[in-house]
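# Summary of structural features
Read off the chains here:
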Amino acid sequence: TFLNINVPPINKEKLKGIKITRMGLMRYEEKFDKRVDPSNRTYYWLAGEKVIIDKSEDNDEIAVHNDYVTVSPLICDLTNYDAVGVLKNWDINYK
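Residues numbered from 1 in each chain as written. Predicted model: local features only at pLDDT ≥ 70, side-chain atom pairs only at ≥ 80, totals over all residues. Heavy atoms only, no water.

### Considering the pattern of salt bridges
Scanning all chains against the criterion turns up seven salt bridges. Salt-bridge contacts for R22 lead to D58; the nearest nitrogen and oxygen are separated by 3.1 Å. Note that R22 is positioned in the loop between β2 (17-20) and β3 (26-29) and D58 in the loop between β6 (49-52) and α1 (60-65), a separation of 36 residues in sequence. For D58, a relative accessible area of 40% gives the class partly exposed. Across the pair D37 and R41 runs a salt bridge, and its minimum N-O distance is 2.9 Å. Exposure remark for R41: the relative accessible area of 53% places this residue in the exposed category. Taken together, the salt bridges that share partners define one network made up of R22, D54 and D58. (Salt bridge = Lys/Arg side-chain N within 4 Å of Asp/Glu carboxyl O. Helix = DSSP H or I, 4+ residues; strand = E, 2+ residues; numbered from the N terminus. Buried < 20%, exposed > 50% of the residue type's maximum accessible area, 1.4 Å probe, protein only.)

### Regarding the sheet that holds strand β7 (residues 68-74)
An order of β1-β7-β2 is seen for the three strands of this open sheet, with the pairing classed as mixed. At either end of the open sheet lies a strand with only one pairing partner, and these are β1 (2-6) and β2. This sheet shows a mean twist of 20° between the axes of neighbouring strands, independent of strand direction. (Pairing = 2+ DSSP bridges. Axes fitted to C-alpha atoms, helices over the stretch in contact; angles between N-to-C directions.)

### Thoughts on the side chain of S72
Structurally, S72 is set in strand β7. A distance of 2.7 Å separates a polar atom in the side chain of S72 from a polar atom in the side chain of T21. Among all residues touching S72, those that are not within four sequence positions of it are F2, L3, N4, T21, R22, M23 and D60. (Polar contact = N/O pair within 3.5 Å; in protein donor to acceptor, adjacent residues only side chain to side chain. Contact = heavy atoms within 4.5 Å.)

### A word on unusual backbone geometry
Non-glycine residue N40 carries a positive phi angle of around 65°. As for its position among the elements, N40 is in the loop between β4 (32-36) and β5 (42-46). Judged by relative accessible area, which is 63%, N40 ranks as exposed. Phi at D67 is positive, roughly 75°, even though this residue is not glycine. Relative to the helices and strands, D67 resides in the loop between α1 and β7.

### Some thoughts on the environment of G48
Note that G48 resides in the loop between β5 and β6. Along the primary structure G48 and K31 are separated by 17 residues, whereas in three dimensions their C-alpha atoms are 4.5 Å apart. If we ignore the near neighbours within four places in the chain, the residues touching G48 are Y28, E29, E30 and K31.

Put into structure tokens, the structure is as follows:
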């Protein structure tokens, strides 16, 4: 578990407090800007708009928007558990 902390971009005097939250659900309307760095190399910058899907008060996106610092305990497990069962049935031998 790690803690994801978000601070709204406002003066600290305007902060309303700290909330323990869950991670909000969002997506981006993707738009990429083509740019050139000082070494004349081309790169692309993600410049799309954020679209908040879940507008519940207990998620970090909404709390930050409402001027709270958020602390969200997160875990990373991207395992596809259904595929694990399928793969275990494969005849894989290492010799």
